Amino acid sequence: MTGPGYQPRRWHHFPAINQARPDGLLASGGDLSCDCLLQAYCQGIFPWNAPGEPLLWWSPDPRCLLFPQNLHLSRRLAKTLRSQSFRFSLDLAFDACITACATSGERAGDSWLTDEMQQAYRRLHQLGFAHSVECWEHGELVGGLYGLAIGRCFCGESMFHRRRDASRMALAVLARLLQRLDYSFIDCQLVTEHLLRHGATAVPRSTFLQLLADCRLSAGSWILPGPLPPAGWLDVGLLLAGDSQAPRTFPIMVA
């Protein structure tokens, strides 16, 4: 990728957002090219369909957003994070993380995250837009999540866990990292009680689109990747420290 970001070769035209159905379905068809996906996310649209269905595009109302500073971190979870029983990394196992998101637990063999969808996000990872946070225990990948960093917005896509709270801890680590880097919000897409309990907020789609427009997603015809550290191990102690104790530097350990 040369220049300040990614410059689409072809522009895709989605229906106006206000044409979405009450359940959020906006359109069907199209493709999973980097051009199409990045333009969709920049407009507040994301793909989601069951295996065997046509490619579907959604923009639900309301929208579920997690503002990083609003993350609710329980005492038990904070204690587990500080215990150093788990290690956390950024982008050290993107392929394994997205595969686990598609195949872990009840999703095995029946996930919206099809092989074609996984390959599309792997291409975005190579371009510097898709990222993963991984949770490790004794060298084993036990949880994690992935999504897209565009401008100052992180679009959360999927998570998995093989140990209790592993995906929740990965989300907490991501939120603290994004807070330190001045991201506006994590787009959690669909409102769930689980996310609301962790500090997420349901906002009207119109409000979401206004916030999205302020996230510096593009410069001219270039779509801008969000600023994140290079792949490496995350210093969770630094991330959990108060602002008075931790400078705003990339919290990566050289280990």
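Residues numbered from 1 in each chain as written. Predicted model: local features only at pLDDT ≥ 70, side-chain atom pairs only at ≥ 80, totals over all residues. Heavy atoms only, no water.

**Student:** Help me out: how do you make sense of the environment of Arg63 in this one?
**Tutor:** Within the secondary structure, Arg63 is located in strand β4 (residues 63-66). Its relative accessible area of 1% is what places Arg63 among the buried residues. For Arg63 and Cys188, which are 125 residues apart along the polypeptide, the C-alpha to C-alpha distance reads 7.6 Å. Dropping the residues within four chain positions of it, Arg63 is found in contact with Gly44, Phe46, Asp187, Gln189, Val191, Thr201, Ala202, Val203 and Phe208. Within the local environment of Arg63, its side chain forms a polar contact with the backbone oxygen of Gly44, the two atoms lying 2.9 Å apart. (Helix = DSSP H or I, 4+ residues; strand = E, 2+ residues; numbered from the N terminus. Buried < 20%, exposed > 50% of the residue type's maximum accessible area, 1.4 Å probe, protein only. Contact = heavy atoms within 4.5 Å. Polar contact = N/O pair within 3.5 Å; in protein donor to acceptor, adjacent residues only side chain to side chain.)

**Student:** How do you make sense of the side chain of Asn49 when you look at a structure like this?
**Tutor:** Here Asn49 is to be found in the loop between β2 (46-47) and β3 (56-58). The exposure class of Asn49 is buried, given its relative accessible area of 9%. Leave out the neighbours within four places in its chain, and Asn49 touches Pro54, Leu55, Leu56, Trp112 and Met117.

**Student:** Explanation requested: the side chain of His198 in the structure shown.
**Tutor:** When you line up the elements, His198 lands in the loop between α6 (193-197) and β10 (201-203). By relative accessible area, His198 is classed as buried at 11%. When sequence neighbours within four positions are dropped, the list of residues in contact with His198 reads Leu66, Asn70, Leu71, His72 and Arg168.

**Student:** Would you take a moment to explain the packing of aromatic side chains for this structure?
**Tutor:** Note on aromatic pairs: each is described by the distance of the centres and the angle between the planes. Applying the stated rule across the entire model yields seven aromatic pairs. Consider the rings of Phe14 and Trp57, whose centres lie 5.2 Å apart with planes at 70 degrees: the pair is edge-to-face. With Phe14 in the segment before β1 (25-28) and Trp57 in strand β3, this residue pair connects regions lying 43 residues apart in the sequence. Trp57 gets classed as buried once you look at its relative accessible area, which sits at 1%. Chaining the aromatic ring pairs together yields one cluster made of Phe67, Phe185 and Phe208. The ring of Trp233 carries Arg87 above its face, with NZ or CZ at 4.0 Å from the centroid. (Phe/Tyr/Trp six-rings, centres within 6.5 Å; stacked < 30°, edge-to-face > 60°. Lys NZ or Arg CZ within 6 Å of the ring centre and 35° of its normal.)

**Student:** In this structure, what is going on with the packing of helix α1 (residues 34-42) against helix α4 (residues 115-126)? I would like to understand it.
**Tutor:** The relative placement of two packed helices comes down to the angle between their axes together with the axis-to-axis distance. Across the interface, α1 lies against α4 with an axial gap of 10 Å and an inter-helix angle of 80 degrees. In terms of their interaxial angle, α1 and α4 are classed as roughly perpendicular. Across the interface between the two elements, Cys34, Leu37, Leu38 and Tyr41 from α1 touch Ala120, Tyr121, Arg123 and Leu124 from α4. (Axes fitted to C-alpha atoms, helices over the stretch in contact; angles between N-to-C directions. Parallel < 35°, antiparallel > 145°, perpendicular 65-115°, else oblique.)

**Student:** I tried to follow the nonpolar core on my own but got confused; where do I start?
**Tutor:** Nonpolar side chains tend toward joint burial in soluble globular proteins. Judged by nonpolar contacts, the single largest core of 54 residues is most densely connected at Trp57, Leu113, Tyr121 and Leu124. In contact with Leu124, other than residues within four places in its own chain, are Cys34, Leu37, Leu38, Phe129, Ala130 and Leu148. If you look at the next biggest cluster of nonpolar residues, it comprises 37 residues, including Val142, Phe154, Val236 and Leu240. (Core = buried A, V, L, I, M, F, W, Y, C linked by side-chain atoms within 4.5 Å.)

**Student:** Even after reading the chapter, I still don't get helix α5 (residues 166-180), so can you show me in this structure?
**Tutor:** The periodicity of an α-helix, 3.6 residues per turn, causes residues three or four positions apart to be oriented the same way. Between its first and last C-alpha atoms α5 spans 21 Å; for 15 residues at 1.5 Å apiece the expected length is 21 Å, and the two agree. Counting buried positions along α5 gives 13 out of 15 residues, so the element sits mostly inside the fold. Just downstream of α5 lies Asp182, where phi reads positive at about 65 degrees. (Expected span 1.5 Å × (residues − 1).)

**Student:** Any chance you could explain the sheet that holds β1 here in plain terms?
**Tutor:** Strands sit in the order β1-β3-β2 across an open sheet of three strands; the sheet is antiparallel. Where the open sheet ends on each side, the last strands, each with one partner, are β1 and β2. Of the strand pairs in this sheet, β2 and β3 are connected by two bridges, and their pairing is antiparallel. Considered in β3, the bridge of Phe46 is made with Trp58. (Pairing = 2+ DSSP bridges.)

**Student:** Mind showing me how you'd approach the packing of helix α3 (residues 94-103) against α4 here?
**Tutor:** α4 packs onto α3 with a crossing angle of 155 degrees between their chain directions and a minimal axis gap of 11 Å. Accordingly, the angle class assigned to the pair α3 and α4 is roughly antiparallel. Where α3 crosses over α4, the two elements pack in a sense that is right-handed. Where α3 abuts α4, its residues Phe94, Asp95, Ile98, Thr99 and Ala102 lie against Gln118, Tyr121, Arg122 and His125. Counted by class, the contact of α3 with α4 contains four nonpolar, three polar and two charged residues. (Left-handed = near helix turned anticlockwise from the far one by under 90°. Nonpolar A, V, L, I, M, F, W, Y, C, P; charged D, E, K, R; others polar.)

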